[in-house]
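An overview of the molecular structure
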Amino acid sequence: MAEDPIARFRLDDRVALVTGASSGIGRSMVSALAGAGARVVMTARRVERLEELAGTLPGSVALRCDVTDDSDLEALVTGTMERFGRIDILVNNAGITEVTPAETEPADLFRSVVAVNLTAPFLLTKLVAGPMLEAGRGSIVNIVSVLGLRGVGQIPQAGYAASKGGLVNLTRELAAQWARRGIRVNAIAPAWFPTEMTDEMFADEGARRWIRRRTPMGRPGELDELDGALLFLASDASTYVTGQILAVDGGWTAV
Ligand SMILES: NC(=O)c1ccc[n+]([C@@H]2O[C@H](COP(=O)([O-])OP(=O)(O)OC[C@H]3O[C@@H](n4cnc5c(N)ncnc54)[C@H](OP(=O)(O)O)[C@@H]3O)[C@@H](O)[C@H]2O)c1
């Protein structure tokens, strides 16, 4: 009998590290990875939220980490290796933004957005690449944004757009550097999903109407609509895919 093609999406025995797991997309992705069989190391600053989630997922753990703190990043990778001895999947998901017109966007805001959304994924990826290169395998999934692929303007956030655009091309460059050494690096570019990051936007009827009008599918995304892209890129279902940016956007970038 032919092998079950769905088996390639399974993550049994894999260890996945997810940043920004205390809310929104990260929290939802932890559940998807664990549901596919992975043991998940979930991280963020609000550790009490992580512990509550970890309590529902046997084999998974919560570790506190501020991704802008280099020693926290090192402790996160060391702690994961001590506990599990391997890291198969890294999801760089932690992110921040603030909507402000560029002409008044404070320098410190721009710098802090780049620190969380671009510098931290690079530094954490570097740390995780050590054990992944040694093992000769690994899948890294960066959570970017349609704002890293297009200018939007109406919801002004220059630091965010720049950081996500940077992460888009960092994805491609790292994919190219490591393609022959077993590490694949890809990204998911969501459009609009209801989370803490977007709660003000979703509370505003004008903004909701704008999303419906501007999105070819006429609606925002549901969090579990990111699961398929994540499991594809994280698993052996995508062993010949690297350096790609998969938009999950209801057609936003198709027009
Ligand atoms: N929602 C959308 O429509 C949308 C669209 C495109 C892309 N995205 C991207 O998706 C990712 C997740 O966003 P979300 O919408 O789920 O937002 P969210 O609910 O606000 O979650 C952001 C996560 O990042 C963590 N985080 C922020 N700063 C951190 C820091 N210094 N150290 C460690 N963790 C930090 C937060 O945890 P703590 O506060 O507990 O540390 C939280 O878990 C982000 O990269 C975002 O840019 C979202």
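Refer to the structure printed above.
Owing to the predicted nature of the structure, the values given are computational and were not obtained by experimental measurement.

On to the pairing of strand S3 (residues 61-64). Note on strand geometry: in a regular strand, side chains alternate between the two faces of the sheet. Relative to S3, strand S2 (residues 39-44) runs parallel, the two sharing four bridges. Across the sheet, Met42 pairs through a bridge with Ala62, a residue of S3. You can see the chain leave S2, run along helix H2 (residues 47-54) and come back into S3, and the turn it takes is right-handed.

What follows is about the site of the ligand. Taken together, 29 residues form the shell around the ligand, and within it Ser23, Arg45, Asn93, Tyr160 and Thr195 come nearest. Within the complex, 95% of the 870 Å² of free accessible area of the ligand lies under protein.

This part takes up the environment of Gly37. By the secondary structure assignment, Gly37 is in the loop between helix H1 (24-35) and S2. Here the alpha-carbon distance between Gly37 and Pro156, two residues 119 residues apart in the chain, equals 39 Å. The residues touching Gly37, leaving out its near neighbours within four places in the chain, are Arg10, Leu11, Asp12 and Asp13.

In this section: helix H3 (residues 70-84). Note on helix geometry: an α-helix contains 3.6 residues per turn, so any two residues three or four positions apart are oriented the same way. Here H3 is 15 residues long and its end C-alpha atoms lie 21 Å apart, about the 21 Å a rise of 1.5 Å per residue gives. Taken together, the buried positions of H3 are Asp72, Leu73, Leu76, Val77, Thr80 and Phe84. End-on, the buried residues of H3 take up no more than an arc of 135°, which puts them together on one face. Against strand S1 (15-19), S2, S3 and helix H4 (107-135) lie the buried residues of H3. Backbone geometry just downstream of H3 places Gly85 in the positive-phi region, at approximately 75°.

Evaluation of the coordinates by the stated rule reveals 12 salt bridges. The salt bridge involving Glu225 is made with Arg219; its shortest N-O contact spans 2.8 Å. Look at Glu225 and you get partly exposed, because its relative accessible area is 35%. Exposure remark for Arg219: the relative accessible area of 34% places this residue in the partly exposed category. Salt bridges linked by common partners bring Glu205, Arg208, Arg209 and Arg212 together as one network.

All right, on to the sheet that holds strand S6 (residues 183-190) then. Judged by pairing direction, the sheet is parallel, and its seven strands sit side by side in the order S3-S2-S1-S4-S5-S6-S7 without closing on themselves. Among the strands making up the open sheet, the edge pair consists of S3 and strand S7 (245-248). When strand polarity is set aside, the average angle formed by the axes of neighbouring strands in this sheet is 20°. Alignment of strand S4 (residues 89-92) against strand S5 (residues 138-143), held across four bridges, turns out to be parallel. Across the sheet, residue Val91 finds its bridge partner in S5, namely Val141. Sitting on the sheet, H3 is in contact with S1, S2 and S3, with an inclination near 155° to S3. The strands touched by helix H8 (residues 227-234) within the sheet are S4, S5, S6 and S7, with S6 carrying the most contacts at an inclination of about 170°.

Thresholds, definitions, all that
- Residues numbered from 1 in each chain as written.
- Predicted model: local features only at pLDDT ≥ 70, side-chain atom pairs only at ≥ 80, totals over all residues.
- Heavy atoms only, no water.
- Pairing = 2+ DSSP bridges.
- Helix = DSSP H or I, 4+ residues; strand = E, 2+ residues; numbered from the N terminus.
- Right-handed = clockwise from strand over helix to strand, strands pointing away.
- Near = heavy atom within 4 Å.
- Areas by Shrake-Rupley, 256 points an atom, 1.4 Å probe, with all protein chains shown as cover.
- Contact = heavy atoms within 4.5 Å.
- Expected span 1.5 Å × (residues − 1).
- Buried < 20%, exposed > 50% of the residue type's maximum accessible area, 1.4 Å probe, protein only.
- Arc of directions from axis to C-beta.
- Salt bridge = Lys/Arg side-chain N within 4 Å of Asp/Glu carboxyl O.
- Axes fitted to C-alpha atoms, helices over the stretch in contact; angles between N-to-C directions.

Purely spatial values, then, with no claim about function.
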